[in-house]
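Chain and residue survey
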Amino acid sequence: MIPERHVNAALLVGLVAVPMWALAADEPYTITLATRAVILALAAVGLNIALGIGGLVSLGHAAFFGIGGYAMGILAFHAQTFTPLDFGAFSVAGTKSMPVIWLAALVLSALAALVIGLLSLRTSGVYFIMITLAFGQMFYYFTISWSTYGGEDGMSIYVRNSFPGLDTLVPVQFFGICLILLCLVLFLNARLVRSRFGLALNAARQVSVRVETVGLDPTRLKLLAFVISGAVTGLAGALFADLNRFVSPAMFSWQFSGEIMVLVILGGVGRIFGPVVGAVVFVTLEHVLGGLTDFWHIYLGVILLLIVLFAQGGIIGLLCGRRVHHD
Amino acid sequence: MTEPVLETRNITRRFGALMASDSISIELWPGEIHAVIGPNGAGKSTLIEQICGGLKPDAGQVRLLGRDVTRQSTAARARAGLGRTFQISALAMEDTVLQNAILGALGASGRPWGIWRPVLKDRGLRARAEEALHRVGLEDLTAKHCADLSHGQRRQLEVAVALTLRPKAFIMDEPMAGLGAEGSKRLTGFLDGLREEAPILLVEHDMDAVFALADRISVLVYGRIIATGTVDEIRANAEVREAYLGEGA
Ligand SMILES: Nc1ncnc2c1ncn2[C@@H]1O[C@H](COP(=O)(O)OP(=O)(O)O)[C@@H](O)[C@H]1O
Ligand SMILES: [Mg+2]
């Protein structure tokens, strides 16, 4: 078995080396693929906080991804059309500044996660899955009918948003921004797992009744996990929109919720780098198999089935062993 | 003190046609070990669940330190001073012994929201957890994963987590179960001293332990308390002998 931190380090080296090679070899498409992998990884890292540590099987995380995407889309739309964003009592100007857009994406998706979490954490098991799914679909149908911002056609943003001191139109620079954000979130995630909150949340997933018996409220712990989780996935949504310079209701689709769950399971539920492994493997398969056959999802499905049947710790579990060894 | 630390007043609970708790009134006074005995299915665990908040009684009151806590959550009752151990260990199996004990200390601190500083490096929490582990004799196993503990060690850890809470009353559901003669003797010795810190409501099948420890015994049969008294009184009680101690006494 390989120590987990070696796998993590190799992964990070690979994530830096491949785009560097692509830059030297003048393969900008590879950089775009790597950027896509990094952003999907970030979305899945978000889900993993709720799913892996908190045990919350959310099939509605597309809601946060889409909110992040539309936060970017709406702010950039008003900036490029020079129209204010009107809230009735007051209005704000649009913006093309990435840091401002990220902040908006984080705050709005965290707020949405707070409301959705408050309502869905009253249930558990299959009901929790269904209610989160329903919330995701609610946003999906709402944006389809939201004609101000393109309705079901979505809307294009003509120029990528800006970051002080960088030229975000250069693929490798935008990749760098995304990778640094991912690393930052992974670092925070690692701190969180070892913190007071991490310990309590981890126990709440395993034995809720024990957590209550020591005087803590498992539902409130899970709610905070859900909010942090939603905010991270929302940030990924804003980056994804910037990568494509396009937002559409598809960001809210339940298929996307399923897709990031697949990434987490593929890489290893509850492992900090699990979603990153999952995203890298997913994007690679999508690219390689997708070039060979239109039915590549079937092959992905088979691989996923094998993982779930024979390697419950995902790819990291296969490489590094289980987190706990039972006797 | 004019009021018991813990008290139930006529708590009643039905499961369909089954009367699991039939107007049970029981008191726990400072410094005492109050044992509850009774045959399997008598309703002992159901009584404990109602005291600790996992089950709501159909009627009656649970009072802790003079306050009615019948409507309070399990967590609120724990914060108010209940320290409970489970009949079937409820521990975080993927976590280490130390992490489980620290969870108790964390609960007692009431501040679980920090997301930045490593909890295992928190001196205060760690000291409290290690002290409790030391008292039950698990100090050499702190790094072991719970899943790798023996049954007896898990029972010890259950007690240690309750100790980290420094509760006003201990509620213990069959702590000796499956310990073996040696383990039971050790735990008996330990509980004997513990009553000075906080009184213990002790549900137990091991009669040697009960007779050695109990200041008072209540006998529960078919959801009803048929007798409460000292060890000698219970031993001499004809109804108890017939209903429960029959073959042994
Ligand atoms: N949740 C429940 N639903 C229905 N019946 C229950 C439930 N919990 C316990 N019982 C029944 O109540 C009775 C008392 O159970 P319990 O309190 O576990 O007994 P003891 O701990 O004394 O062995 C048993 O007949 C049991 O089958
Ligand atoms: Mg029982």
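Scroll up to find the structure this text is about.
Residues numbered from 1 in each chain as written. Chains lettered and ligands numbered in written order. Predicted model: local features only at pLDDT ≥ 70, side-chain atom pairs only at ≥ 80, totals over all residues. Heavy atoms only, no water.

Before going further, it helps to spend a moment on the coordination of the magnesium ion (ligand 2). All names here are of chain B. At 2.1 to 2.4 Å from the magnesium ion (ligand 2) lie its protein donor atoms, namely S45 (OG) and Q87 (OE1). Of this pair, S45 sits in helix 1 (residues 44–52) while Q87 sits in the loop between strand 6 (82–85) and helix 3 (97–109), and the two are 42 residues apart along the sequence. A residue is classified by how much of its surface remains accessible, and Q87, at 31% relative accessible area, is partly exposed. (Donors = N, O, S within 2.8 Å, 3.2 Å for Na, K, Ca; no water. Helix = DSSP H or I, 4+ residues; strand = E, 2+ residues; numbered from the N terminus. Buried < 20%, exposed > 50% of the residue type's maximum accessible area, 1.4 Å probe, protein only.)

The next thing to look at is the nonpolar core. If you look at the biggest cluster of nonpolar residues, it comprises 153 residues, and the most contacted ones within it are L182 and V276 of chain A together with L157 and L191 of chain B. For this core, the leading source of residues is helix 2 (residues 28–53) of chain A, giving 17 residues. In terms of domain composition, this core takes at least three residues from each of domain 1 (1–81 + 169–249) and domain 2 (90–166) of chain B. When neighbours within four sequence positions are excluded, V276 of chain A is seen to be in contact with L11, L15, A41, V45, L182 and L186 of chain A. Counting residues in hydrophobic clusters, the runner-up holds 22 residues, among them I26, L28, A80 and I171 of chain B. (Core = buried A, V, L, I, M, F, W, Y, C linked by side-chain atoms within 4.5 Å. Domains from an automatic or database assignment. Contact = heavy atoms within 4.5 Å.)

All names here are of chain B. Taken in spatial order, the four strands make up an open sheet running 2-1-4-5, and their pairing is antiparallel. Single-partner strands in this sheet number two, and they are strand 2 (18–28) and strand 5 (67–68). Pairing analysis gives five bridges linking strand 1 (residues 6–15) to strand 4 (residues 59–64), with the strands arranged antiparallel. Looking at the pairing, E7 lines up with R63 of strand 4. Running over the sheet, helix 1 touches strand 1, strand 2 and strand 4 and is turned about 120° from strand 1. (Pairing = 2+ DSSP bridges. Axes fitted to C-alpha atoms, helices over the stretch in contact; angles between N-to-C directions.)

Another point: the interface of chain A and chain B. Taken residue by residue, the interface counts 31 residues in chain A and 39 residues in chain B. Overall, the association of chain A and chain B removes approximately 3,200 Å² of surface from exposure, summing both partners, and the carbon and sulfur fraction of that is 62%. For chain A, the biggest contributors to the area lost against chain B are R196, L199 and R210 of chain A; these three give 27% of the whole. In this structure, R196 of chain A and D122 of chain B form a salt bridge, with 2.7 Å as the shortest nitrogen-oxygen distance. Counting the contacts that link chain A with chain B gives 16 residue pairs in polar contact (both at pLDDT 80 or more). Those elements giving two or more residues to the side of chain A that touches chain B turn out to be helix 6 (171–194), helix 7 (196–206), helix 8 (208–213) and helix 9 (218–244) of chain A. Ranked by residue count, the leading element in the side of chain A that touches chain B is helix 7 of chain A, at eight residues. Grouping the constituent residues of the side of chain A that touches chain B by class yields 15 nonpolar, seven polar and nine charged. (Buried area = accessible area lost by both parts, 1.4 Å probe. Salt bridge = Lys/Arg side-chain N within 4 Å of Asp/Glu carboxyl O. Polar contact = N/O pair within 3.5 Å; in protein donor to acceptor, adjacent residues only side chain to side chain. Nonpolar A, V, L, I, M, F, W, Y, C, P; charged D, E, K, R; others polar.)

As a further point, take the site of ligand 1. All names here are of chain B. Around ligand 1, the neighbouring residues are F15, L18, P39, N40, G41, A42, G43, K44, S45 and T46. Backbone polar atom of G41 to an oxygen atom of ligand 1: 2.8 Å apart, as the coordinates give it. T46 is positioned such that a nitrogen or oxygen atom in its side chain is 2.6 Å from an oxygen atom of ligand 1. In the complex, the protein chains occlude 57% of the 560 Å² of accessible area that ligand 1 would expose alone. The biggest single contributor to the shell around ligand 1 is helix 1, with three residues. Classifying every residue of the shell around ligand 1 gives four nonpolar, five polar and one charged. (Near = heavy atom within 4 Å. Areas by Shrake-Rupley, 256 points an atom, 1.4 Å probe, with all protein chains shown as cover.)

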